[in-house]
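Working through the structure, step by step
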Amino acid sequence: MAKKNNVNKKVKRSTDDLIDSAIAQQNTWMENRRTFARSFLKTLNIFARPAPKKDEEVVASSAIKSTQRKSGLAAYWFPIFCALLVIFVAVWVAFVRSSSTPTVVVAPNAVPEPVVRPVQESEKPMFDIVRIEPSGNVVVAGRWIANKNISIAIDGKIVATERTDQNGEFVYAPTRAFEPGNYTISLIGNEPETKSEENVFIYVSDRGYENSISLLMTKDGSTLLQTPTMLVNGDLNISKIDYLDTGRIVVTGDALPRLRVSLSLNDKDLGFAKVSDHKHFGLGADVGQLETGKKYTLTVRLHDGDGRTIAQFGHTFVMPEMTGDDDTYYTVRQGDCLWIIARNFLRRGVLFSIIAERNNISNPDLIFPKQVLQIPVGK
């Protein structure tokens, strides 16, 4: 009975046997892998170039031996050269290029050498457009030397600096609307400082841009850049007409500033005058003796820069009988001077001293608006 139990008892494998079995399986797997790799490489060897002959093997082996004899520095000459080149470029950028000494670049003969046009004394900044927008903003465009700074001055004060483009053109368009009034715009070029020979006078009307004007003023005269598109009552107004017993007629009034007014009697031209910055004008002309009781038509016209009539005032009157007074009276307005008053009433401005003496004016250059002057006009 005991013998039977010994036969049926299981025999357990030792740990060493398990380890040996695992190692054997791994070796078998590795051997199979090596066998597969050998067969695959043999298959690829079909496409490889044929094995070198004996002589070639000898040459190759000698070349390998000579290469091995080279020093390590010679073997890595290309990476060392690239590293030195990078270091050289870094030093050049950091020190040489940033220095104040200008770098001279020699261009190929096929490329023409750039020519920098020197600034000529005669080259002055010029206006192209000065326009008053419906919003009251002013747009200024002009020209000067390309790629230069140019300053815009209003009433002698610099308000902005712009840069001309490659064509020498610039535009100044402030976002702030101009208050109604008179302004004088000029240009000042920098590098070097060069002032424009021409200025632009603009009048911003309190009635809107339709009544505003811009006038280009040069030494040869003036040109209207923007003409009022709509005139209303008050843009041309006659305040007084004086007929003197000397046969001279004097007309005073108000109109748009810096424009011209002309005077005619019965369609006969008598002359013209310029309206002041303060919108006043005075015009005197000899008309001879007018007949009492006869009808006359006096016409005052307002002209733009091209001489076209943009407003007209006509006054028809019957010549009354002269009273024989030797004096008349004139109320001084802003911008008046005794020279102009004497020219209108006494024919010649140099006679202003007569008016100053009659009104006890010690300084002829000092008169005031709304001051009433007595004008001696007797023969």
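This text gives an overview of the structure that appears in the document.

Moving on, we come to helix α6 (residues 338-346). Those residues of α6 that fall on the buried side of the exposure criterion are L338, I341, A342, N344, F345 and L346. Angular distribution of buried residues about the axis of α6 spans 165 degrees; they occupy a single face of the element. Next to the buried residues of α6 lie β11 (236-243), β12 (248-255), β15 (280-286), β18 (327-331), α7 (352-358) and β19 (372-376). Among the residues trailing α6, R347 stands out with phi positive, at a value near 75 degrees.

Its location among the elements puts S214 in strand β9 (residues 213-218). Side-chain polar atoms of S214 contact the backbone oxygen of V130, separated by 2.9 Å. Non-local contacts of S214, meaning those with residues more than four positions away in its chain, are made with V130, V200, F201, I202, T223, L224, L225 and Q226.

Turning our eyes to something else, we now look at the pattern of salt bridges. Taken as a whole and assessed by the stated rule, the structure comprises seven salt bridges. The partner of D242 in a salt bridge is K240, with the nearest N and O atoms 3.6 Å apart. Exposure remark for D242: the relative accessible area of 10% places this residue in the buried category.

On to the nonpolar core, then. Grouped together as the largest cluster of nonpolar side chains are 31 residues, with contacts concentrated most on L236, V261, L263, F281, V300 and L302. If one sorts the elements of this core by residue count, strand β16 (residues 295-303) sits on top with four residues. If sequence neighbours within four positions are ignored, V300 has contacts with L236, I238, V251, V261, S262, L263, F281, A311, Q312 and F313. Core analysis: the second largest hydrophobic core is formed by 21 residues, F127, W144, A160 and F170 among them.

This brings us to the sheet that holds strand β1 (residues 126-132). Where strands meet in a sheet, backbone hydrogen bonds hold them as pairs that are either parallel or antiparallel. The sheet built from three strands is open, its strands ordered β1-β2-β5 with antiparallel pairing. Bordering the open sheet on either side are β1 and β5 (169-172), each of which pairs with just one other strand. Across the sheet, the axes of successive neighbouring strands diverge by a mean angle of 15 degrees, strand direction being ignored. Across six bridges, β1 lies against strand β2 (residues 138-143) in antiparallel orientation.

Criteria and cut-off values
Residues numbered from 1 in each chain as written. Predicted model: local features only at pLDDT ≥ 70, side-chain atom pairs only at ≥ 80, totals over all residues. Heavy atoms only, no water. Buried < 20%, exposed > 50% of the residue type's maximum accessible area, 1.4 Å probe, protein only. Helix = DSSP H or I, 4+ residues; strand = E, 2+ residues; numbered from the N terminus. Arc of directions from axis to C-beta. Contact = heavy atoms within 4.5 Å. Polar contact = N/O pair within 3.5 Å; in protein donor to acceptor, adjacent residues only side chain to side chain. Salt bridge = Lys/Arg side-chain N within 4 Å of Asp/Glu carboxyl O. Core = buried A, V, L, I, M, F, W, Y, C linked by side-chain atoms within 4.5 Å. Pairing = 2+ DSSP bridges. Axes fitted to C-alpha atoms, helices over the stretch in contact; angles between N-to-C directions.

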